[in-house]
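The primary structure of each chain is shown beneath.
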Amino acid sequence: MSFVTILMVGGWSATIGMIGFCALKESGKLAGMRRRLVLWLDSTAYTGAGLPEDGLRRDVARARG
């Protein structure tokens, strides 16, 4: 392989690895946002577009305890 190809492969690998690392690091924050969203949906009695009622109840139960 040429040097340029090696640099391209290395650059893409590093980029994808950094995105994965940041996603894992931030996943705790995303889980917290999801919990707050579920509790908010429950408090407003939202049964909305395309959300199955059983799935919403399960998520509320998980978020509360």
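Scroll up to find the structure this text is about.
Cut-offs applied
Residues numbered from 1 in each chain as written. Predicted model: local features only at pLDDT ≥ 70, side-chain atom pairs only at ≥ 80, totals over all residues. Heavy atoms only, no water. Helix = DSSP H or I, 4+ residues; strand = E, 2+ residues; numbered from the N terminus. Buried < 20%, exposed > 50% of the residue type's maximum accessible area, 1.4 Å probe, protein only. Areas by Shrake-Rupley, 256 points an atom, 1.4 Å probe, with all protein chains shown as cover. Expected span 1.5 Å × (residues − 1). Bend = angle between axes of the 7 residues up to and from the residue. Contact = heavy atoms within 4.5 Å. Patch = residues over 30% accessible without salt bridge, like charges linked within 9 Å, V, L, I, M, F, W, Y side chains within 5 Å. Salt bridge = Lys/Arg side-chain N within 4 Å of Asp/Glu carboxyl O.

Draft legend 1. Seen up close, the overall build of the protein chain. When you go through the protein chain residue by residue, the secondary structure sums to two helices and zero strands. Here the protein chain, with 65 residues, has 11% of them falling under the buried criterion. In the structure as shown, the protein chain presents an accessible area of about 5,500 Å², 68% of it carried by carbon and sulfur atoms.

Draft legend 2. Structural detail: the environment of Leu37. One can find Leu37 in helix α1 (residues 3-43). The exposure class assigned to Leu37 is partly exposed, which follows from its relative accessible area of 46%. Separated by 26 residues in the primary sequence, Leu37 and Ala63 place their C-alpha atoms 9.5 Å from one another.

Draft legend 3. Molecular detail of the environment of Arg35. Inspection of the secondary structure assignment puts Arg35 in helix α1. The exposure class assigned to Arg35 is partly exposed, which follows from its relative accessible area of 42%. Taking the C-alpha atoms as reference points, Arg35 and Arg64, separated by 29 residues in sequence, lie 8.4 Å from one another.

Draft legend 4. A look at α1. An ideal rise of 1.5 Å per residue puts 60 Å on 41 residues; α1 measures up with 58 Å between its terminal C-alpha atoms. By the largest-angle criterion, Ser27 marks the main kink of α1, which is about 45°.

Draft legend 5. Here's a closer look at the environment of Leu39. Structurally, Leu39 is set in helix α1. Expressed as a C-alpha distance, the spacing of Leu39 and Ala61, which sit 22 residues apart in the sequence, is 9.4 Å. When neighbours within four sequence positions are excluded, Leu39 is seen to be in contact with Ala63 and Arg64.

Draft legend 6. Quick peek at a nonpolar patch on the surface. Taken together, Val4, Met8, Trp12 and Ile16 make up a surface patch of nonpolar side chains, about 490 Å² in accessible area. Examined against the element boundaries, Ile16 turns out to sit in helix α1. Of the residues examined, Ile16 reaches a relative accessible area of 58% and is grouped as exposed.

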